[in-house]
Amino acid sequence: MNPVYDKLMKCYESLKEKIHFRPEVALVLGSGLGDYADGIQVEEVLDYSQIEGFPVSTVPGHKGRFVFGYVQDVPVVIMQGRVHYYEGYEISDVVLPIRLMKLMGAETLFLTNAAGGIGEGFQAGDLMLITGQIANFVPSPLIGPNMDELGVRFPDMSEIYDEDLRTVIRGAAKDLEILLREGVYIQLTGPNYESPQEVQMCKILGADAVGMSTACEAVAANHMGMKICGISCISNLACGIAEHPLSHKEVQETADRVAPLFKQLVTESIVRIGKL
Ligand code: HPA
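(A) Structural detail: the overall build of the protein. The helix and strand tally for the protein stands at seven helices and nine strands. Computed over the C-alpha atoms, the radius of gyration of the protein is 17 Å, within 12% of the 19 Å expected from 2.2 N^0.38 for a compact globule of 276 residues. In terms of its C-alpha atoms, the protein occupies a principal-axis envelope of roughly 50 × 40 × 35 Å. Within the protein, the fraction of its 276 residues that count as buried is 57%. Residue pairs in contact within the protein that sit at least 24 positions apart in sequence constitute 82% of those at least 6 positions apart. Working note: accessible area of the protein is about 11,800 Å², and carbon and sulfur atoms make up 51% of it. For the protein, the separation between the mean place of its 22 positive charges and that of its 36 negative charges on side chains is 2 Å.

Set out below in structure tokens:
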């Protein structure tokens, strides 16, 4: 048997014993959005530590739990705290929660994160709709024997971020009068921020935002046939574009400042996705 698949199934069995909620949308909360789940109609909560074999995050301020509930009348599962590759987990563990949420029933994945801004004219505090991604700086979570139960060996990646979902999010931003940038997200391993030269490399590659999560999750979700959308909070201008050194504190402070607007956009988008 495949140990990655065995682990996933073990987690799924453990979760099914405890939770009977069927979500439609899976939402992953990035920095600054951590308390989004407090504002929804919560039905059930499950700490990751209660799921047998589940990878648990070590980053301070990252809560580790699934919250099940409703955003208006849309059933959602929210990942409050994700695990990152830089923490030392296997990439298969990093994406395990995504796979689990699909197995629970979620057909749509809504990814959020904080990222460094590279795109022309971007400013700290901007929100960016993710239109595409570069994931080649982290291992593909699909390396290893293919899990045919989840998806095909060589999945197409021509439209990772679903065009219909992008249209919905654009419409929500417009109606809420929120400026929404658009662009390509690149995932590097971290945990160090990039050097100015690495940021230039990312720019040449076509990236508008750089971060340490998300793209590998989208690869796993795309493999399983989920519809995917994502928004980055540009918490800072990337190194060398900003004129000052980066700090985690700046990233957190900006993400916290933008959070109310970001939450509004996420809520309005999910409500509209529920009507698709
Ligand atoms: N680089 C990488 N990851 C990040 C950044 C950044 O500038 N800001 C927030 N997450």
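(B) The site of the ligand, seen in detail. As a structural note, the neighbourhood of the ligand is formed by Ala114, Ala115, Gly116, Tyr193, Glu194, Val210, Gly211, Met212, Ser235, Asn236, Leu246 and Val251. The separation between a nitrogen atom of the ligand and a polar main-chain atom of Gly116 is 3.4 Å. With respect to the ligand, the side chain of Asn236 contributes an N or O atom lying 2.7 Å from a nitrogen atom. For the ligand, the protein covers 95% of the area, taking 260 Å² as the surface of the free molecule. Listed by contribution, the elements that provide at least two residues to the shell around the ligand are β5 (108-117), β8 (209-211) and β9 (227-237). Element by element, the count of residues in the shell around the ligand is highest for β5, at three residues. Of the residues contributing to the shell around the ligand, the split by class is seven nonpolar, four polar and one charged.

(C) Inspection of the nonpolar core at higher detail. In this structure, Phe66, Ile98, Leu100, Met101, Leu109 and Ile228 are the most contacted members of the largest nonpolar core, which totals 45 residues. By size, the runner-up hydrophobic cluster in this structure holds 33 residues, among which are Cys229, Ala255, Val258 and Ile273.

(D) Fine view of the pairing of strand β3 (residues 65-71). Within β3, five of the seven residues are buried, which leaves the element mostly enclosed by the surrounding structure. Inspection of the sheet shows β3 paired to strand β4 (residues 74-80) by seven bridges, in the antiparallel sense. Bridge pairing in β4 places Tyr70 opposite Pro75. Hairpin connection of β3 to β4: two residues between the antiparallel strands, including Gln72 at a positive phi of 50 degrees.

(E) Fine view of helix α3 (residues 96-104). Taking burial as the measure, the nine residues of α3 include eight buried ones, the bulk of the element. Listed in full, the buried residues belonging to α3 are Leu96, Pro97, Ile98, Arg99, Leu100, Met101, Lys102 and Met104. At the C-terminal side of α3, Gly105 shows a positive phi close to 130 degrees.

(F) The environment of His223, seen in detail. With respect to the element layout, His223 can be found in helix α6 (residues 215-223). On the accessibility criterion, His223 (6% relative accessible area) is buried. A sequence separation of 24 residues divides His223 from Ser247, and the C-alpha atoms of the two residues are 34 Å apart. Residues within four places of His223 in sequence aside, it is in contact with Arg99, Leu142, Asn146, Met147, Leu150, Gly151, Val152 and Pro155.

Rules behind the numbers
- Residues numbered from 1 in each chain as written.
- Predicted model: local features only at pLDDT ≥ 70, side-chain atom pairs only at ≥ 80, totals over all residues.
- Heavy atoms only, no water.
- Helix = DSSP H or I, 4+ residues; strand = E, 2+ residues; numbered from the N terminus.
- Rg over C-alpha atoms; globule rule 2.2 N^0.38 Å.
- Buried < 20%, exposed > 50% of the residue type's maximum accessible area, 1.4 Å probe, protein only.
- Contact = heavy atoms within 4.5 Å.
- Areas by Shrake-Rupley, 256 points an atom, 1.4 Å probe, with all protein chains shown as cover.
- Lys, Arg positive; Asp, Glu negative; His and termini not counted.
- Charge placed at Lys NZ, Arg CZ, Asp CG, Glu CD.
- Near = heavy atom within 4 Å.
- Polar contact = N/O pair within 3.5 Å; in protein donor to acceptor, adjacent residues only side chain to side chain.
- Nonpolar A, V, L, I, M, F, W, Y, C, P; charged D, E, K, R; others polar.
- Core = buried A, V, L, I, M, F, W, Y, C linked by side-chain atoms within 4.5 Å.
- Pairing = 2+ DSSP bridges.

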